[in-house]
2 protein chains.
Amino acid sequence: MSVKIKDLARQLNLSVATISKALKDSHEISPETKQRVFELAKKLNYTPNPYASSLRKRGSKTIAVVLPEVADSFFSLAINGIESVAHDKGYHVLIYLTHESFEREESILKEFQSGRVDGILISVSGETRTSTHVREVMAAGMPVVFFDRVCEDVETAKIITNDFESSYHATSHMLKAGCKKIVYLSTSSALSINNKRIEGYMKALMDNDKKPPGCVISCTSDSKGNYRIIRDLLESKNRPDGLIASVEKLTTPIYLACADLNISIPEKIKVISFTNLQAALILTPTLTTVTQPAFEMGKTAASLLFNALEKTNYNLAKENVVIPSSLVIRNSTN
Amino acid sequence: MSVKIKDLARQLNLSVATISKALKDSHEISPETKQRVFELAKKLNYTPNPYASSLRKRGSKTIAVVLPEVADSFFSLAINGIESVAHDKGYHVLIYLTHESFEREESILKEFQSGRVDGILISVSGETRTSTHVREVMAAGMPVVFFDRVCEDVETAKIITNDFESSYHATSHMLKAGCKKIVYLSTSSALSINNKRIEGYMKALMDNDKKPPGCVISCTSDSKGNYRIIRDLLESKNRPDGLIASVEKLTTPIYLACADLNISIPEKIKVISFTNLQAALILTPTLTTVTQPAFEMGKTAASLLFNALEKTNYNLAKENVVIPSSLVIRNSTN
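The numbers attached to residues start from 1 for each chain and follow its sequence in the written order. Chains carry letters from A onward and ligands carry numbers from 1 onward, assigned in written order. A pLDDT threshold of at least 70 governs which residues receive local features in this predicted model, and a stricter bar of 80 or more applies before side-chain atom pairs are shown or counted, although totals over entire chains, interfaces and linings include all residues.

Here the focus is the nonpolar core. In this usage, the nonpolar core is the set of buried Ala, Val, Leu, Ile, Met, Phe, Trp, Tyr and Cys residues whose C-beta atoms join them within 7 Å. Burial in this document is a count-based property: other C-beta atoms within 10 Å of a residue's C-beta are tallied, and the residue is buried at 20 or more, exposed at 12 or fewer, or partly exposed in between, with C-beta positions derived from the backbone. Grouped together as the largest cluster of nonpolar side chains are 102 residues, with contacts concentrated most on L121(A), I120(B) and L121(B). Two residues form a contact once the distance between their C-beta atoms, set from the backbone, is within 7 Å. For I120(B), the residues in contact, after removing those within four places along its chain, are I63(B), A64(B), V66(B), F112(B), V137(B), M142(B) and V144(B). Counting residues in hydrophobic clusters, the runner-up holds 70 residues, among them C219(A), A170(B), I182(B) and A257(B).

Rendered as structure tokens:
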């Protein structure tokens, strides 16, 4: 729970009006009282905000989108979906990047408690393991909608895609195409979407008559490091004949390493990436993808947020929308 | 020039303090006076902002980045450069997208006059032909730094790359490789960077002994439309043997159209794109690129903005930085 003026008033045995005036540095309040108020405010980590009520009332006509990064086609398409709705409503969209850092995400959400924006759309960072920071901004009266990467334990709207099924279908498709050793290349293990995709991959292997062994390898955020990891894997004795890349930035190191080692796709190894990159169409071979409904997810998330802003008694917590991804089969698995 | 409280005071023959109190709806001011103030403020398009001075004083610890889009590797890398500086300074970075619309850019800059941010980094939209909106926010005391796409007539810091030379080198490289008909695929013609690139292309053709004819074709923002334009060009009688793509989103339609028409790159046609896309490395053939110093440009722009925020008497108008791009030669021109 965030600290409110009334909490300060209670602890100092002063009226809410006095606290409010002291925080505004009013001449009506004595310097001694002001100091007591400031000290407690600091101690309790109260976010000083003399303007919150006015801003909240008139509305900032702004929504925030909190994202890990923009260098991924999923997020840039999702932003377009969000802006398509916000623009019609006459709202500005502010984009805040966490760069996959939980610390930055926390600091950004803390700032929203002062009423800078009217509502928040968020896709959490790869480091996010707790949800207190989200609960706090919601407790301050701010509507929040998750999309793609969610905190499952927070009761508010969540717009996701069918990560388990997408990964299950991708793996099954590779098994049908004859793969006997499929490696899943993963990112941060904290994310629920990542775990669901791994579960879908494992389940597809289990459901196969021959039950091939599963192997999940964690990649990094660094492209040279990823090239090294993938190259080592391809040079190992037990080389895989199928690779599933859970994020699009793994596509380049996979194609590069295969080219450098003269391992032909799809003859020697089949490849599927989770990506919305247009370049999938012009790679040699063209790339089989799990294409996510990025634009639609952004659009739906924004629509629900505007419902919450415009309708009284609208309950965001009841909204859980799943928009399916598609497996687009191209030559990298054919 | 933006309308200020003193302008309202002068026209209504009232004191600045009275106007200020009226705008804050103070009980000290009569309803009649308030109405006169409100009416004039509305008529002159004054941005009501009772909090500006307080916010300016305490600092919002936030800078704004105004961009046309994020679905381009240049801008996503530039954002990373900007954030690398801002994070060290303890500032938040807000990203505003214009989607290449001048109207949106104007509306975003207008909002900044109320002191929401401490400074602005901007790369203007493809539709931007005037700079009044930038001058107005600067007149309100806000430091502004341009990067990449600039308004040349505004006196403030500009971080650019050597667009004329880059394009000149790219064209010369194609001429040396034997091209006789090089077509330049352009975007919005209003941008100064686009004009400089076209000039560089034209100059390289002029400087060539054989003086081959120049041809600039304008593309759209729609990928299907661009595919059609490029395919028509490749099917025309006078087919080009060289293509220079001024933006990275033209790369996919070029490679697709060449594949569909069985025109092999680089044997039948050579291709260069202005792009920082990693995928350039894994296309077949690998793509020759003009690689822009996106990260460095963002980083430099942010550093200059922080100079303006931190140093007194620092003159942004004196800063003009040119960071060169590199021509990275790969198989699409070899």
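Once the structure has been displayed, the description carries forward.
On to the relation of the copies chain B and chain A. Copy-to-copy alignment: least squares on C-alpha atoms, limited to residues at pLDDT 70 or above in both. For the match of chain B to chain A, the screw axis carries a shift of 0.1 Å, the RMSD comes to 0.3 Å, and the turn is 180°. The superposition operator between the copies reduces to a two-fold rotation axis. Every residue of chain B has its C-alpha some distance from the rotation axis, and the shortest such distance is that of I95(B), at 2.3 Å. When the interface residues of chain B are mapped onto chain A, 100% of them again lie at the interface, so the same face is used by both copies.

The next thing to look at is the pairing of strand β4 (residues 144-147) of chain B. Residues and elements named next belong to chain B. The two faces of β4 match: V144 and F146 on one face and V145 and F147 on the other face are all buried. Looking at chain direction, strand β3 (residues 119-122) and β4 are connected through three bridges and run parallel. Bridge pairing links L121 to V145 in β4. Whether a crossover is right-handed depends on one test, that the path from the first strand over the helix to the second runs clockwise when the strands point away from the viewer. For helices the rule is a DSSP run of H or I covering at least 4 residues; for strands it is a run of E covering at least 2, with both sets numbered from the N terminus onward. Once the chain exits β3 it traverses helix α7 (residues 132-139) before rejoining the sheet at β4, and the crossover so formed is right-handed. By the bridge criterion, two bridges tie β4 to strand β5 (residues 158-160) in an arrangement that is parallel. Counterpart to F147 in the pairing with β5 is I159. For two strands to be treated as a pair, DSSP must find at least two bridges joining them.

Another aspect to go through is the interface of chain B and chain A. In this assembly, 24 residues from chain B lie in contact with 24 residues from chain A. Of all elements in the fold, only α5 (73-88), β2 (92-97), α6 (102-112) and α11 (251-260) of chain B reach the threshold of two or more residues within the side of chain B that touches chain A. For the side of chain B that touches chain A, the element with the most residues is β2(B), which contributes five residues.

Okay, the packing of α5(B) against helix α12 (residues 294-310) of chain B next. All names here are of chain B. Only the contacting stretch of a helix is used when fitting its axis, a line to C-alpha atoms as for every element, and angles between N-to-C directions run 0 to 180 degrees. The geometry of α5 relative to α12 is characterised by a closest axis approach of 7 Å and an angle of 40° between their N-to-C directions. Comparing their axes, α12 and α5 come out oblique. Considering how the two elements wind past one another, α5 and α12 form a crossing that is right-handed. Note on element contacts: α12 touches α5 through A294, F295, E296, M297, G298, K299, A301, A302, S303 and F306, opposite F74, L77, A78, I79, N80, G81, I82, S84, V85 and A86. Just so you know how the angles are binned, under 35 degrees is roughly parallel, over 145 roughly antiparallel, 65 to 115 roughly perpendicular, and the rest oblique. Handedness of a crossing follows from how the near helix is turned relative to the far one, being left-handed for an anticlockwise turn of less than a right angle and right-handed for a clockwise one.

Here the focus is the packing of helix α1 (residues 5-12) of chain B against helix α2 (residues 16-23) of chain B. Residue and element names in this part refer to chain B. Their axes nearest at 8 Å, the elements α1 and α2 cross at an angle of 110°. It follows that α1 is roughly perpendicular to α2 by the angle criterion. Between α1 and α2 lies a crossing of right-handed hand. Judged by residue contacts, I5, K6, L8 and A9 of α1 engage V16, I19 and S20 from α2. Here the nonpolar group is Ala, Val, Leu, Ile, Met, Phe, Trp, Tyr, Cys and Pro; Asp, Glu, Lys and Arg are the charged ones; every other residue, Gly included, is treated as polar. Here the residues of the contact of α1 with α2 sort into five nonpolar, one polar and one charged.

A cis amide bond, omega 0°, links I265(A) with the succeeding residue P266(A). Looking at where P266(A) falls in the secondary structure, it is placed in the loop between α11 (251-260) and β9 (270-274). The backbone phi angle of E100(B) is positive, close to 60°, even though this residue is not glycine. Topologically, E100(B) is positioned in the loop between β2 and α6. Although it is not a glycine, D148(B) sits at a positive phi angle of roughly 65°. As for its placement among the helices and strands, D148(B) is situated in the loop between β4 and β5. Judged by C-beta crowding, with 25 C-beta atoms within 10 Å, D148(B) ranks as buried.

What follows is about the pairing of strand β1 (residues 62-67) of chain A. Looking along a regular strand, one sees the side chains alternate between the two faces of the sheet. Residue and element names in this part refer to chain A. Here β1 lies mainly inside the structure; five of its six residues are buried. Of the pairings in the sheet, the one linking β1 to strand β2 (residues 92-97) comprises six bridges and is parallel in character. Residue pairing across strands places T62 opposite H92, the latter belonging to β2. One crossover worth recording links β1 to the parallel β2 by way of helix α5 (residues 73-88), and it is right-handed. As defined by bridge partners, β1 adjoins strand β3 (residues 119-122) across four bridges and the pair is classed as parallel. Paired with V66 across the two strands is I122, which belongs to β3.

Turning our eyes to something else, we now look at the sheet that holds strand β6 (residues 182-186) of chain B. Residue and element names in this part refer to chain B. Strand order in the open sheet formed by six strands is β7-β6-β8-β9-β10-β12, and the pairing between neighbours is mixed. Edge positions in the sheet fall to β7 (215-218) and β12 (326-328), since each has one partner strand and no second. Adjacent strand axes in the sheet meet at a mean angle of 20°, parallel and antiparallel pairs treated alike. Here three bridges tie strand β10 (residues 288-291) to β12, and the two strands are oriented antiparallel to one another. Residue pairing for β12: T291 is matched across the bridge by S326.

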